[in-house]
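Each chain is listed here by its residues.
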Amino acid sequence: MRSIVSFFILLASLGARCEVVQLTLTAAIDRARLHSVDAAVALDELRQAYWEYRTYRAELLPEVNFSATLPGYYKQYTPYMNENGSYSFVRNNYMELNGELSLTQNIWLTGGSISLTTQFDFYRDMELNANRFMSIPVALTLNQPIFGVNNLKWSRRIEPERYAEAKAAFLSATEDVAMTAITNYFSLLMAQENLAISRQNLANATKLYEVAVEKRKMGQISENDLLQMELNVLDARSETTERESSLKSAMFTLRTFLDFDETTEIVPVIPEEVPAVELTYSDALDKALANNKFARNVRRRQLEADYAVAKAKGDLRQITLYAQVGYTGTSNEFSQAYRGLRDNQVVEVGVKIPLLDWGKRRGNVKVAESNRRVVESRLRQETMDFNQNLFLLVERFSNQQMQLDIASRADTISQKRYHTNVETFLIGRISTLDLNDSQVQKDQARQNMVNELYLYWRYYYQLRSLTLWDYSRNCNIDADFDRLIRQ
């Protein structure tokens, strides 16, 4: 309360015309999640991942295409090979129209594709004034790689993991935004407390100096003690000026991060309560492995390494089956082009097998297998580091409650001790050195209490970021991703 009053006194002394906002830590976190640049970046990354996932999903759905030439007119010379093998040029003057409508479906089970098409062609000889029509009412086409890697099958395994990782990363990013807000909030809070301490110390030093002047006149204290008291006043004034600048700097940082107007002055409030959490390492690890983006990242990278090996092995040989069955008709009249249809069948088997490549493709397989082993080793190391960091965080958070209680108690005791020493000094029963020592301990105890409070909140939200678990509500941290993406 004393620090808030001192803060308002500072504003009045500066003659500031501004909007004063008394901001709690919870309100600062909520505003940061809505208005900070970091939150906007996290949302944009989520939207990018969503559309990449939508693109992958579209590859599994039927695709309808229409292609046409409407029309094409040609009046030119083109080369023509005669019966004896010589070439001559003939004059062409014709117009053509053609169109094709196709329905294509990728087959994720085999990696091929099947399509259903209908086609129509029209040709008009402008010199002979003659028309020609050709129709393919229906044709069924299969395009199937054999022995190659099934890209669609691997995409069905990798892409959902990638999108789940992106969603978990977004949730962790919102908790990271909260941690940044906490850091900036407590920086301002510490600056506010330091300024309040400096202003109080200045007031006390001035009062004690005035008393010391009177005591010196009566010969109750030495000249050295009087000079020491005067130095205390000068030091207090210098420190107050410096901490006023620190307060303005911290104010600017938090105000910018929370997207407040430049004329807004923020008054942070010391949180009176902290969330009480009973935590064990095994429980935190289970939640982190189930929810955290790291677990998704491990699975995705392992799958990508396996896919690279499968792709390298599939490139050792390439065999593709192409088959088309349907009907076709042709006539000089449009209505007759769809009558008297005949079979239209095409079967092709394409083969590409390297006979001599100097071990290049086999080498690619070995490289992919080596890369997979490297990835597996890195993942094991990263997993151990992740588990260790989580263990240390759980231990620090579990001990932080005790540290905070000790710091709060020390702050209360040091405040009482200092006020007692001031009164004792006024009646001449302690020296200036003892008084200065109690003041330093009072200031350090206050600063330590605020710092321990900051560490508690930071550890708490760091745990939330790693486990994606809301310990106050005892449920998973989640979001309405569809609504966020549509914003």
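Residues numbered from 1 in each chain as written. Predicted model: local features only at pLDDT ≥ 70, side-chain atom pairs only at ≥ 80, totals over all residues. Heavy atoms only, no water.

**Student:** For a positive patch on the surface, give the residues involved together with the corresponding values.
**Tutor:** A contiguous patch of positive charge on the surface is contributed by R317, R362, K366 and R373. Note that R317 resides in the loop between α7 (293–314) and β7 (318–331). (Patch = residues over 30% accessible without salt bridge, like charges linked within 9 Å, V, L, I, M, F, W, Y side chains within 5 Å. Areas by Shrake-Rupley, 256 points an atom, 1.4 Å probe, with all protein chains shown as cover. Salt bridge = Lys/Arg side-chain N within 4 Å of Asp/Glu carboxyl O. Lys, Arg positive; Asp, Glu negative; His and termini not counted. Charge placed at Lys NZ, Arg CZ, Asp CG, Glu CD. Helix = DSSP H or I, 4+ residues; strand = E, 2+ residues; numbered from the N terminus.)

**Student:** How would you explain the layout of surface pockets if you had to name every residue and give the values?
**Tutor:** Over the atoms a probe the size of a water molecule is rolled, and this reveals where empty space is left. Its boundaries defined by the atoms lining it, the largest pocket holds a volume of some 850 Å³. Taken together, 31 residues line the largest pocket, and the ones lying closest to its centre are D30, R33, T174, E175 and R464. Residue assignment for the lining of the largest pocket shows that the elements contributing at least two residues are α2 (25–35), α3 (37–58), α4 (151–217), α9 (432–467), β10 (475–476) and α10 (481–486). Ranked by the residues each element gives to the lining of the largest pocket, the list is headed by α2, at six residues. (1 Å grid on protein atoms, 1.4 Å probe; cavity = no way out; pocket = protein on both sides within 12 Å on 5 of 7 lines; lining within 4 Å. Points joined across faces, edges and corners; volume = space filled by probe spheres on them.)

**Student:** Please give an account of the environment of Q200 that cites residues and values.
**Tutor:** By the secondary structure assignment, Q200 is in helix α4. On the basis of relative accessibility, which here comes to 29%, the residue Q200 falls in the partly exposed class. Each C-alpha atom of the pair Q200 and N184 lies 24 Å from the other, and the pair is 16 residues apart in sequence. (Buried < 20%, exposed > 50% of the residue type's maximum accessible area, 1.4 Å probe, protein only.)

**Student:** So what's going on with α7? Residues and values would help.
**Tutor:** Compared with the 32 Å implied by 1.5 Å per residue over 22 residues, the 31 Å span of α7 between its first and last C-alpha is a close match. Among all positions in α7, only F294, A295, N297, V298, R300, L303, A305, D306, V309, A312 and G314 are buried. Buried residues along α7 sit in contact with α4, α6 (281–291) and α8 (360–426). The opening residue of α7 is N292, an N-cap whose side-chain oxygen sits 2.6 Å from the backbone nitrogen of F294. (Expected span 1.5 Å × (residues − 1). Contact = heavy atoms within 4.5 Å. Polar contact = N/O pair within 3.5 Å; in protein donor to acceptor, adjacent residues only side chain to side chain.)

**Student:** Quick one: what's the story with unusual backbone geometry, residue by residue and with numbers?
**Tutor:** Each neighbour pair has its own omega, and for L70 with P71 the value is -20°, a cis peptide bond. Turning to its location among the elements, P71 is positioned in strand β2 (residues 63–81). Not every positive phi belongs to a glycine, and N129 is a case in point at roughly 55°. Within the element layout of this structure, N129 appears in the loop between β4 (112–125) and β5 (130–146). You can call N129 exposed: its relative accessible area is 54%.

**Student:** Explain empty space enclosed by the protein residue by residue, including any values.
**Tutor:** Evaluated as defined, the whole model comprises one cavity of 30 Å³ or more. Taken as a whole, the largest cavity encloses approximately 40 Å³ of empty space. Those elements that place two or more of their residues in the lining of the largest cavity are α3 and α4. Ranked by the residues each element gives to the lining of the largest cavity, the list is headed by α4, at four residues. Of the residues that constitute the lining of the largest cavity, the class distribution is four nonpolar, no polar and three charged. (Nonpolar A, V, L, I, M, F, W, Y, C, P; charged D, E, K, R; others polar.)

**Student:** Could you give an account of the pattern of salt bridges, naming the residues involved and the relevant values?
**Tutor:** Enumeration over the complete set of coordinates arrives at 22 salt bridges. Residues R33 and E175 are paired through a salt bridge, measuring 2.9 Å at the closest nitrogen-oxygen approach. Pair noted here: R33 is in helix α2 and E175 is in helix α4, with a separation of 142 residues, a long-range link. Here the salt bridges share partners, and the residues they tie into one network are R33, E175, R464, D470 and R473.

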